Structure formats: C-alpha cells, structure tokens
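Residue-level structural notes
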Amino acid sequence: AWLSLRPWVLRRAGAIGGGARPGAGIALLLTWCALAGVLWLGNPYAAALLVPGAHVLLAVVAPGVRLRRPLALALVALAALPFVLVDLSIASQLGLGPVEFAWMCALLVAGGVVGPFGWALWSLVVACLVAAAVLALRPKPPAASPAEPRVTVRGPLSYAGPGSLGGTESALRR
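The present account deals with the structure reproduced in this document. As the structure is a computational prediction, the values presented were derived from the model and not from experiment.

Attention shifts here to the environment of Val134. If you trace the backbone, Val134 turns up in helix H7 (residues 116-136). Since its relative accessible area comes to 40%, Val134 is described here as partly exposed. As a C-alpha pair, Val134 and Val61 span 73 residues in sequence and 9.9 Å in three-dimensional space.

Right, let's get into the layout of surface pockets. Its volume calculated, the largest pocket comes out at about 720 Å³. Every residue lining the largest pocket is counted, 23 residues in all, and those nearest its centre are Asp87, Ile90, Phe101, Cys105 and Trp122. Put simply, the parts of the chain that give the lining of the largest pocket at least two residues each are helix H5 (69-94), helix H6 (98-110) and H7. Broken down by element, the lining of the largest pocket gets its largest block of residues, seven residues, from H7. Taken together, the residues of the lining of the largest pocket break down into 19 nonpolar, three polar and one charged.

Our next topic: the packing of helix H4 (residues 50-61) against H5. The interhelical angle for the contact between H4 and H5, taken along N-to-C directions, is 170°, at an axis separation of 8 Å. Relative to H5, the element H4 is oriented roughly antiparallel. The residues of H5 that touch H4, namely those facing Leu50, Pro52, Gly53, Val56, Leu57, Ala59 and Val60, are Ala72, Leu75, Val76, Leu78, Ala79, Pro82 and Phe83. Of the residues in the contact of H4 with H5, the class split is 13 nonpolar, one polar and no charged.

To continue, consider a nonpolar patch on the surface. Together, Leu78, Leu81, Val84, Leu85 and Leu88 make up an exposed nonpolar region whose accessible area comes to about 430 Å². In this fold, Leu85 is placed in helix H5.

Now for the nonpolar core. Ranked by internal contacts, the top residues of the largest apolar core, which has 28 residues, are Trp32, Leu50, Leu57 and Val60. At the level of secondary structure, the elements contributing two or more residues to this core comprise helix H2 (24-42), helix H3 (44-48), H4, H5 and H7. The element best represented in this core is H7, accounting for seven residues. Discounting chain neighbours no more than four positions away, the residues touching Val60 are Leu67, Ala72, Leu75, Val76, Ala132, Ala136 and Arg138.

Between H2 and H4, the least distance of the axes is 10 Å, while the angle of their chain directions is 175°. Considering their axes alone, H2 and H4 lie roughly antiparallel with respect to each other. Across the interface between the two elements, Gly25, Leu28, Leu29, Trp32, Leu35, Ala36 and Leu39 of H2 pack against Leu50, Gly53, Ala54, Leu57, Leu58 and Val61 of H4. Here the contact of H2 with H4 is composed, by residue class, of 11 nonpolar, two polar and no charged.

Conventions we followed
Residues numbered from 1 in each chain as written. Predicted model: local features only at pLDDT ≥ 70, side-chain atom pairs only at ≥ 80, totals over all residues. Heavy atoms only, no water. Helix = DSSP H or I, 4+ residues; strand = E, 2+ residues; numbered from the N terminus. Buried < 20%, exposed > 50% of the residue type's maximum accessible area, 1.4 Å probe, protein only. 1 Å grid on protein atoms, 1.4 Å probe; cavity = no way out; pocket = protein on both sides within 12 Å on 5 of 7 lines; lining within 4 Å. Points joined across faces, edges and corners; volume = space filled by probe spheres on them. Nonpolar A, V, L, I, M, F, W, Y, C, P; charged D, E, K, R; others polar. Axes fitted to C-alpha atoms, helices over the stretch in contact; angles between N-to-C directions. Parallel < 35°, antiparallel > 145°, perpendicular 65-115°, else oblique. Contact = heavy atoms within 4.5 Å. Patch = residues over 30% accessible without salt bridge, like charges linked within 9 Å, V, L, I, M, F, W, Y side chains within 5 Å. Areas by Shrake-Rupley, 256 points an atom, 1.4 Å probe, with all protein chains shown as cover. Salt bridge = Lys/Arg side-chain N within 4 Å of Asp/Glu carboxyl O. Core = buried A, V, L, I, M, F, W, Y, C linked by side-chain atoms within 4.5 Å.

In structure tokens:
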C-alpha cells in the first residue's frame, strides 16, 4: 500500500512529482549503516552481510549519478545477493525448496523463535532493499533550461569600472 498509495497522496498534496527526494538516498544509506551497527552488536557475521550492500548502494542512491535502470537494479540485486546466498545455503542444508523455506521462515516468526526485535531488524533490511529498488527506478530529472547568466556587477552592463580603459595610474604598466 505504501508503494502504490504514496505517490498518489504526494501528488494530491501538491508535492513536486511525488517521486524520490534528493535526501532519500542519504536517508537510505544512513538507515542501512545504522542497521549494520545495531546488527553487529548481536551478530557480527550477519552484519558483515550488509557491508557489500552499503558500498554497492552508494552508486545507486547518489543524486548526481544517473545509472541506467537495468544497471541500477542489478546493483540493488547485488546488494541483496549475500542474503540470498545465505538463504540458499540454509535451505539446501535443510533439504527445503523455496516454498518450504518461506513457510519455515513464517513458522519461525509465528512460533516466537525469531523475536520481535530480530523480525523488525530484518524487515527494515528488506525495506531498505525495496527503497533502493524504488530509487533505482526513479525517473530522470527534466533537462535544465538554459537560463541567462546571473549578472554579478553593478551599474550598466557596458560599464567596466574605473581603470579598465587604462586612464588611471594603477592600470599603467610598470
């Protein structure tokens, strides 16, 4: 609902474009790094899974860098790759297929094996990956129209100031 209703609500509220804001990338990376720090307190090996993603997502969320959408989405997938590899390893060691593994994860949460703190933490990691995908799909900004250069001198535009024509002693060559 958030992904589908947010742009509509922002457009109705009069926000510009309803898309990502310039600070969205910074907020995403700060959240990602804060999650890594909090996760490191409990499990440093799990926090190590976030480190490659932090580096890869720098290129995706930078406001001045516009990657092509397939490349940006590939980088988001690369940020998620360590988690996918760990999940595949656990699923293969337990002899589970994708559907059975998803069901087992749901049972772990429902049975209380994964506490509310761990559930919220990993939900935030997934939310950060979804937000990175949304930023990867952001539209290119409109081309800036060539504006007239800003005048930084005072007086008429043809006036160059005293000494510019060589009439003062300071303008004479020594």
